[in-house]
Amino acid sequence: MLAAGFVIVCAQNRFAVMGGLNFSTSNVKEISKGTMTQYHAGIGYKFDLALGFSIQPSLLYSVKGAMVGNEENSLDLSVGYLELMPSIQWGPDLLLFRPYLDVSPFIGYGLNTKASLPAFKDALNKFEYGVGLGVGLEIWRLQIVGRYNWNFGNLASAFHGEGVFSDSSFKEAFGESNFGGITLTAAILF
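These numbers were taken from a predicted model, which means no experiment stands behind them. (Residues numbered from 1 in each chain as written. Predicted model: local features only at pLDDT ≥ 70, side-chain atom pairs only at ≥ 80, totals over all residues. Heavy atoms only, no water.)

Chemist: Can you walk me through the overall build of the protein in this structure?
Modeler: Of regular secondary structure, the protein possesses three helices and eight strands. Walking the protein from its N terminus toward its C terminus, one meets helices and strands in the order α-β-β-β-β-β-α-β-β-α-β. The 190 residues of the protein split such that 43% are buried. If you take every contact in the protein between residues at least 6 apart in sequence, the share linking residues at least 24 apart comes to 64%. (Helix = DSSP H or I, 4+ residues; strand = E, 2+ residues; numbered from the N terminus. Buried < 20%, exposed > 50% of the residue type's maximum accessible area, 1.4 Å probe, protein only. Contact = heavy atoms within 4.5 Å.)

Chemist: Teacher, can you tell me more about the pattern of salt bridges here?
Modeler: A side chain of one charge can pair with a side chain of the opposite charge when the charged atoms of the two come close. Counted according to the given criterion, the structure contains six salt bridges. Between E138 and R98 there is a salt bridge, with its nearest N and O atoms 3.3 Å apart. With E138 in strand β6 (residues 127-139) and R98 in strand β5 (residues 98-115), this residue pair connects regions lying 40 residues apart in the sequence. A residue is classified by how much of its surface remains accessible, and R98, at 8% relative accessible area, is buried. (Salt bridge = Lys/Arg side-chain N within 4 Å of Asp/Glu carboxyl O.)

Chemist: In this structure, what is going on with the confidence of the model for the protein? I would like to understand it.
Modeler: The predicted structure's coordinates, where accompanied by low pLDDT, should not be read in detail. Scored by pLDDT, the protein has a mean of 82; 73% of the residues are at 70 or more. This stretch, residues 1-11, has a pLDDT under 50; its non-local contacts, to residues over four places away or in other chains, come to one contact. Across residues 160-164, where pLDDT falls below 50, the model places four contacts with residues more than four positions away in sequence or in other chains. (pLDDT = per-residue confidence, 0-100.)

Chemist: Explanation requested: the nonpolar core in the structure shown.
Modeler: Soluble globular proteins: nonpolar side chains tend toward being buried together. Counting residues in hydrophobic clusters, the biggest one holds ten residues: A66, V68, L75, L77, V79, Y81, A115, L124, L155 and F179. Residue assignment for this core shows that the elements contributing at least two residues are β3 (53-69) and β4 (74-90). Per-element tally for this core: the top contributor is β4, with four residues. Counting residues in hydrophobic clusters, the runner-up holds seven residues, among them A16, M18, A187 and L189. (Core = buried A, V, L, I, M, F, W, Y, C linked by side-chain atoms within 4.5 Å.)

Chemist: What is the right way to read the environment of N151 from this model?
Modeler: For N151, the position within the fold is in strand β7 (residues 142-151). Residue N151 is classed as buried on the basis of its relative accessible area, which comes to 8%. Taking the C-alpha atoms as reference points, N151 and E128, separated by 23 residues in sequence, lie 6.8 Å from one another. Excluding anything up to four places from it in sequence, N151 contacts K64, F106, E128, Y129, G130, N178 and F179. Reaching out from N151, the side chain makes a polar contact with the side chain of E128 at a distance of 2.8 Å. (Polar contact = N/O pair within 3.5 Å; in protein donor to acceptor, adjacent residues only side chain to side chain.)

Chemist: Which parts of the structure should I look at to understand unusual backbone geometry?
Modeler: Leave glycine aside and you will find that most residues have negative phi; peptide bonds, for their part, are mostly trans. A positive phi angle, near 60°, is found at L51, a position not held by glycine. In this structure, L51 sits in the loop between β2 (32-48) and β3. Residue L51 is classed as exposed on the basis of its relative accessible area of 73%. The backbone of L95 shows a phi angle near 70°, a positive value even though the residue is not glycine. Tracing the sequence through the fold places L95 in the loop between β4 and β5.

Here you go:
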């Protein structure tokens, strides 16, 4: 009897293929900034637990970016991160669908950088970490989740020498900035 219950619980665990859009911006202060739309894609595995909880660790390639600038300086920046995101979900199973709340801590490493000012690439901190909060809906084998992500790491931790930016206020603003924003993700569960 115990073995039958174990098989039923394990049968609901599923692989996931996911992708979506990132609407990210930087929290640069005192400089005009704009949202940049990028993308993310990856794989995951959903573990169903008791009481409506599930854990869905995912490995994603996520591109984030921002457009910042003032009259003297401007920068379009995008960074492709490899992210590990263990999503913790809670929501009732209503037979035909499952609405859920989502908490997703994440860590990432920047694999590639595109910047309109090449000197910025050398000053970039490649590590990121943070947490996302969101809501989702699971219908049969499809998940859709919207999440706001707070990034706690510094985007550019050190600027070496002059010539990276001519305006010192621009350097100071980037010293404590990072990417944050909204992600919309769709996943197919197998």
